[in-house]
Amino acid sequence: NAGVTQTPKFQVLKTGQSMTLQCAQDMNHEYMSWYRQDPGMGLRLIHYSVGAGITDQGEVPNGYNVSRSTTEDFPLRLLSAAPSQTSVYFCASSPGGARNSPLHFGNGTRLTVT
Amino acid sequence: GESVGLHLPTLSVQEGDNSIINCAYSNSASDYFIWYKQESGKGPQFIIDIRSNMDKRQGQRVTVLLNKTVKHLSLQIAATQPGDSAVYFCAEAHSGYSTLTFGKGTMLLVSP
């Protein structure tokens, strides 16, 4: 069982470039989410989805887009990268939502925007 | 290397000691609480959870205590081992919301 798989592991972008961070889970979890982790800030929720075709904003959604066309995949798009988006990004999933069961996390994508 | 540990409160213990990591939560409507462990370069890993209708829950070598009166959560690790060295996060889920809010974390350092 692969669990939650994130690609790429590392990425360097120039300001203004766009890219998509990939997240896939093979556990048939309905709930998926994206967090960013910055030093001293803990993990902050960017976007989440309670099922295919349904997405919603978290605490820090600006500059990011998501879509959920399948249960397995939940890509995060940076439309025009900014240095403030330099961070470690984690995707997480759970079978029953954030209030019903623990989140399973991927190992992260480390993004640097220059 | 991983920079998530910068500026975090740190607890240093000797191998074999019992460790207690504390967390204050802010929302009295929160009804689900989780502890995660994060090792360098990895994603957070679930340790133990507790719901607001409980005061205490035990796992293997870990115990979580919940004090709703003062909005305080603690994680006790018995017979701490060097492999327990990591950053520990508490998280709370708010009643009526589909989101989890994380605390800023505590770094646990275990010396042999």
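Shown above is the structure to which this text applies.
Here's what I pulled together on the structure shown here. (Residues numbered from 1 in each chain as written. Chains lettered and ligands numbered in written order. Predicted model: local features only at pLDDT ≥ 70, side-chain atom pairs only at ≥ 80, totals over all residues. Heavy atoms only, no water.)

## Observations regarding the sheet that holds strand S7 (residues 64-66) of chain A
All names here are of chain A.
Consideration 1: Pairing within the open sheet is antiparallel, and its 4 strands lie in the order S1-S3-S8-S7. Only two strands of the sheet have a single partner each, and these edge strands are strand S1 (4-7) and S7. Across the sheet, the mean angle separating the axes of adjacent strands is 20 degrees when strand polarity is ignored.
Consideration 2: Pairing geometry for S1 and strand S3 (residues 19-25), over 4 bridges, is antiparallel. The residue bridging threonine 5 from the neighbouring strand is alanine 24, located in S3. (Pairing = 2+ DSSP bridges. Helix = DSSP H or I, 4+ residues; strand = E, 2+ residues; numbered from the N terminus. Axes fitted to C-alpha atoms, helices over the stretch in contact; angles between N-to-C directions.)

## Here's the deal with the nonpolar core
Consideration 1: Grouped together as the largest cluster of nonpolar side chains are 21 residues, with contacts concentrated most on Tyr35, Leu43, Leu103 and Phe105 of chain A together with Tyr36, Leu100 and Phe102 of chain B.
Consideration 2: Take this core: its biggest share by element is 4 residues, from strand S8 (residues 86-94) of chain B. (Core = buried A, V, L, I, M, F, W, Y, C linked by side-chain atoms within 4.5 Å. Buried < 20%, exposed > 50% of the residue type's maximum accessible area, 1.4 Å probe, protein only.)

## Here we look at the pattern of salt bridges
Side chains that carry opposite charge are capable of pairing whenever their charged atoms lie near each other.
Residue and element names in this part refer to chain B.
Consideration 1: Applying the stated rule across the entire model yields 7 salt bridges over all chains.
Consideration 2: For lysine 68, the salt bridge identified is with aspartate 55, shortest N-O distance 3.4 Å. Taken together, the positions of lysine 68 in the loop between strand S6 (62-67) and strand S7 (72-77) and aspartate 55 in the loop between strand S4 (45-51) and strand S5 (56-58) put the pair 13 residues apart, joining distant regions of the chain.
Consideration 3: Aspartate 55 gets classed as exposed once you look at its relative accessible area, which sits at 52%.
Consideration 4: We note a salt bridge from aspartate 84 to arginine 61, for which the minimum N-O separation is 2.9 Å. Of this pair, aspartate 84 sits in the loop between S7 and S8 while arginine 61 sits in the loop between S5 and S6, placing them 23 residues apart in sequence. (Salt bridge = Lys/Arg side-chain N within 4 Å of Asp/Glu carboxyl O.)

## Comments concerning the side chain of threonine 63 of chain B
Consideration 1: Here threonine 63 of chain B is to be found in strand S6.
Consideration 2: In this view, threonine 63 of chain B contacts Lys56, Arg57, Gln58, Ser74, Leu75 and Gln76 of chain B; residues no more than four positions away in its chain are not counted. (Contact = heavy atoms within 4.5 Å.)

## Section: the interface of chain B and chain A
Consideration 1: With 28 residues of chain B in contact, the opposing surface of chain A contributes 23 residues.
Consideration 2: Interface of chain B and chain A: buried area, both sides summed, is about 2,000 Å²; carbon and sulfur atoms make up 57% of it.
Consideration 3: Together, Pro44, Ser98 and Phe102 of chain B form the three largest contributors to the area buried by chain B at its contact with chain A, with a combined 24%.
Consideration 4: Put simply, chain B and chain A have 0 salt bridges between them.
Consideration 5: The interface formed by chain B and chain A includes 5 residue pairs in polar contact (both at pLDDT 80 or more).
Consideration 6: Here the side of chain B that touches chain A takes 5 residues from strand S3 (residues 30-38) of chain B, the largest share from any one element. (Buried area = accessible area lost by both parts, 1.4 Å probe. Polar contact = N/O pair within 3.5 Å; in protein donor to acceptor, adjacent residues only side chain to side chain.)

## Here we look at the layout of surface pockets
Residue and element names in this part refer to chain B.
Consideration 1: Here the largest pocket defines a volume of roughly 230 Å³.
Consideration 2: Taken together, Lys37, Gln45, Phe46, Ile47, Gln60, Arg61, Val62, Ile77, Asp84 and Tyr88 make up the lining of the largest pocket.
Consideration 3: Per-element accounting of the lining of the largest pocket gives the leading share, 3 residues, to S4.
Consideration 4: Looking at the lining of the largest pocket residue by residue, the classes come out as 5 nonpolar, 2 polar and 3 charged. (1 Å grid on protein atoms, 1.4 Å probe; cavity = no way out; pocket = protein on both sides within 12 Å on 5 of 7 lines; lining within 4 Å. Points joined across faces, edges and corners; volume = space filled by probe spheres on them. Nonpolar A, V, L, I, M, F, W, Y, C, P; charged D, E, K, R; others polar.)

## Some points on the pairing of strand S2 (residues 19-24) of chain B
Residues and elements named next belong to chain B.
Consideration 1: Side chains Ser19, Ile21 and Cys23 project from S2 onto a buried face, and the interleaved Ile20, Asn22 and Ala24 project onto a face without burial.
Consideration 2: Of the pairings in the sheet, the one linking S2 to S7 comprises 6 bridges and is antiparallel in character. Bridge pairing links cysteine 23 to leucine 73 in S7.

## Concerning the state of the cysteines
Residue and element names in this part refer to chain B.
Consideration 1: Tallying each qualifying case throughout the model produces 2 disulfides over all chains.
Consideration 2: With its sulfur 1.7 Å from that of its partner, cysteine 23 forms a disulfide with cysteine 90. Around the S-S axis, the bridge from cysteine 23 to cysteine 90 shows a dihedral of about 45 degrees and counts as right-handed. Taken as a pair, cysteine 23 in strand S2 and cysteine 90 in strand S8 lie far apart in primary sequence, 67 residues in all.
Consideration 3: Classification of cysteine 23 as buried rests on a relative accessible area of 9%. (Disulfide = S-S within 2.5 Å.)

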